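# Descriptive structure summary
This is what each chain is made of:
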Amino acid sequence: MTAHEIHALSGAYAVDALDDLERARFEQHLAVCPECRAEVASLRESAAMLTELNATPPPASLRDRVLADLRTIRPLPPEVPSPAVEPERPRPSRPAGSRAASRRSRVNWRGLGAAAAVLAVVGVGTVTVVDQLQDDSSQTVSTADRVLRAADAQSIHVDLPGDASARLVRSVSQRKAVLITNGMPEAPSGKVYELWLQNRAGEMVPAGLMPDGGDQEVVLDGDAAAATAAGITVEPAGGSDTPTSAPIALFDFAQAT
Amino acid sequence: MRPLNPVPSGDRTPEGTGTPDLNSRLGGLLNLAARGDESAFAELYDATSARLHGLVLRVVRDPAQAEEVTQEVFLQVWRTASRFDPERGTALSWLMTLAHRRAVDRVRSAEAAGRHDTAYHQNDRSTPHDSTAEAAEASLEARRVRSALETLTVVQRDALELAYFGGYTHTEVASMLDLPVGTAKTRIRDGLIRLRDAMGVGQ
């Protein structure tokens, strides 16, 4: 997507009319484009004016519920610059299970957890999931290596919009699949990429959340030998039990080479 | 209602939706809420809940779900009031942006999960939409918005309404309006720009 094309998304972004992947890309662009930030702000003002035409008071009982709930929620402190949420994440081309790699991923996850907590009430749930994944990370690297080196490893490549791509490698003998991503945009704010394995009944079974960062190597949870396909969807922070959006990538094992 | 503390008149507040007085008052209330002032928050709720809920209801349509979303949005506002930055936009715009995002998230995830409520369309008709819409229409501000909307082309207006009130993506809007793929986003943007210029906001 050219700079000109991405700029043209400002209006659709201002009224939440982008799909999740476009949104992620545009937010990346916003971070480096002050003109677009100013334009989005002004277009949001003009969209908000339209609400003048639809005022509908909520039931009085809602006011009581909201005010009662306030007491249980602590207002967030103002944002202060913190190096922990720095988006720069240099990665080795091949995370070989070293202690350094796992420490790095821990820092990233903390940053993601903090960012999610800023955005939504679901912050606590996110951190819990994140902690579970963190604990697994030291074991999964060697699993990834076993899958990638397996004699029966099959691979499927999928191009994603822009320059991003993803490769899924499955080994039936190891019963595991590994996803390798390249240049994936960050998930939209308050969202995560969730991985899925499709079973023979055609159901999508959760296979874990993708770590933050565009270049990743992730072992999917669950029995990949029995699966017929794998997919990636964009889900609310913390992930979902069933996909709530169409997959942004689908890997059909029947087409594996 | 408690007496208002005087809020410095916002020379630096960008012009935007709502009157400058209203926005600087709301900005002051958000400041107090960020420090845990519940009565300031109650006042903010009273000043904005009809507009906010009206938007959510228009997008979500199901009254029970719309109430849930409105409640979530206000709790999010309470939690994140310290993140409101008057340099980046008006208080009303900030509130409506949060509300719109959540309402759209709700309809899109419900749609993806295939959760279709059969009561949906009946509920749609029974919302107390007409009486309040009439009252709003009578207001001067509403008349200004209406005449600003008239400066848009039909396609710009339809595309904007489907995106903003319908919660559809620009790709879906293009298909609904039989526009070539990729042009709906331009119509939405042009429509918003015309609206902005006609109302003289956000400059």
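## Overview of the environment of Cys 33 of chain A
Residues and elements named next belong to chain A. In this structure, Cys 33 sits in the loop between helix H3 (20-32) and helix H4 (34-49). Judged by the 17 C-beta atoms lying within 10 Å of it, Cys 33 is partly exposed. Linking Cys 33 and His 7, residues 26 residues apart in sequence, is a C-alpha distance of 9.1 Å.

## Considerations on the packing of helix H3 (residues 63-80) of chain B against helix H4 (residues 91-112) of chain B
All names here are of chain B. The contact between H3 and H4 brings their axes to 10 Å, and the two run at 135°. Classified by the angle their axes make, H3 and H4 are oblique. When you trace H3 past H4, the crossing you get is right-handed. Taking contact as the criterion, the partners of Gln 65, Val 69, Glu 72, Val 73, Gln 76 and Val 77 in H3 are, on H4, Leu 95, Leu 98, Ala 99, Arg 102, Ala 103 and Arg 106. A breakdown of the residues in the contact of H3 with H4 according to their chemical character gives seven nonpolar, two polar and three charged.

## A look at the nonpolar core
Residues Leu 30, Ala 33, Val 56, Ala 163 and Ile 188 of chain B are the most contacted members of the largest nonpolar core, which totals 65 residues. Filtering out sequence-adjacent residues up to four positions away, Val 56 of chain B remains in contact with Ala 66, Val 69, Thr 70, Ala 99 and Ala 103 of chain B. The next biggest cluster of nonpolar side chains, apart from the first, holds 34 residues, and it includes Ala 24, Leu 197, Ala 207 and Ile 248 of chain A.

## Quick look at the interface of chain B and chain A
Every contact between the two is made by 68 residues of chain B and, on the other side, 50 residues of chain A. Partitioning the side of chain B that touches chain A into residue classes produces 31 nonpolar, 24 polar and 13 charged.

## Notes on the sheet that holds strand E2 (residues 165-171) of chain A
Residues and elements named next belong to chain A. Strand order in the open sheet formed by four strands is E1-E2-E3-E6, and the pairing between neighbours is antiparallel. The sheet is open, and its two edges are formed by strand E1 (154-159) and strand E6 (217-219), each paired on a single side. Going from strand to strand, the sheet's axes swing by 20° on average, the running direction of each strand aside.

## Remarks on the confidence of the model for chain B
Residues and elements named next belong to chain B. Residues of chain B with pLDDT of at least 70 account for 78%, and the chain-wide mean is 84. Note that residues 1-14 has pLDDT below 50 and, in this model, 23 contacts with residues that lie over four places away or in other chains. At the level of chain-chain contacts, confidence expressed as ipTM amounts to 0.83, with global pTM at 0.60.

## Re the pairing of strand E5 (residues 204-209) of chain A
Residue and element names in this part refer to chain A. Bridge count for strand E4 (residues 191-198) against E5 is four bridges, and the pairing is antiparallel. Looking at E5, one finds that Leu 197 is bridged to Val 205. Between E4 and E5, which pair antiparallel one after the other, the connecting turn spans five residues, and Gly 202 there sits at a positive phi close to 85°.

## A word on the confidence of the model for chain A
Residue and element names in this part refer to chain A. For chain A, mean pLDDT is 75; residues scoring 70 or higher make up 75% of the total. Per-element confidence in chain A is highest for helix H2 (residues 10-14), whose mean pLDDT is 98, and lowest for helix H6 (residues 99-119), whose mean pLDDT is 38. Here residues 84-140 scores under 50 on pLDDT; set against residues more than four positions off or in separate chains, the count is 58 contacts.

## Description of the sheet that holds E4 of chain A
All names here are of chain A. Taken in spatial order, the four strands of this open sheet run E5-E4-E7-E8, and their pairing is antiparallel. Of all strands in the sheet, those with a lone pairing partner are E5 and strand E8 (249-252), marking the two edges. If you compare each strand with its neighbour and ignore which way they point, the axes differ by 30° on average. Of the pairings in the sheet, the one linking strand E7 (residues 229-236) to E8 comprises four bridges and is antiparallel in character. Paired with Ile 232 across the bridge in E8 is Ala 249.

## A few points about H3 of chain A
Between its terminal C-alpha atoms H3 of chain A stretches 19 Å, which fits the 18 Å expected from 13 residues at 1.5 Å a residue. Along H3 of chain A, the residues that are buried comprise Asp 20, Leu 21, Glu 22, Arg 23, Ala 24, Arg 25 and Phe 26 of chain A.

## As for unusual backbone geometry
Residues and elements named next belong to chain A. Residues other than glycine seldom take positive phi values, yet Asp 16 does so here, at roughly 55°. Within the element layout of this structure, Asp 16 appears in the loop between H2 and H3. A count of 22 C-beta atoms within 10 Å places Asp 16 in the buried class. One non-glycine residue with positive phi stands out, namely Arg 175, at about 60°.

Cut-offs applied
Residues numbered from 1 in each chain as written. Chains lettered and ligands numbered in written order. Predicted model: local features only at pLDDT ≥ 70, side-chain atom pairs only at ≥ 80, totals over all residues. Helix = DSSP H or I, 4+ residues; strand = E, 2+ residues; numbered from the N terminus. Buried ≥ 20, exposed ≤ 12 C-beta atoms within 10 Å, placed from the backbone. Axes fitted to C-alpha atoms, helices over the stretch in contact; angles between N-to-C directions. Parallel < 35°, antiparallel > 145°, perpendicular 65-115°, else oblique. Left-handed = near helix turned anticlockwise from the far one by under 90°. Contact = placed C-beta atoms within 7 Å. Nonpolar A, V, L, I, M, F, W, Y, C, P; charged D, E, K, R; others polar. Core = buried A, V, L, I, M, F, W, Y, C linked by C-beta atoms within 7 Å. Pairing = 2+ DSSP bridges. pLDDT = per-residue confidence, 0-100. Expected span 1.5 Å × (residues − 1).

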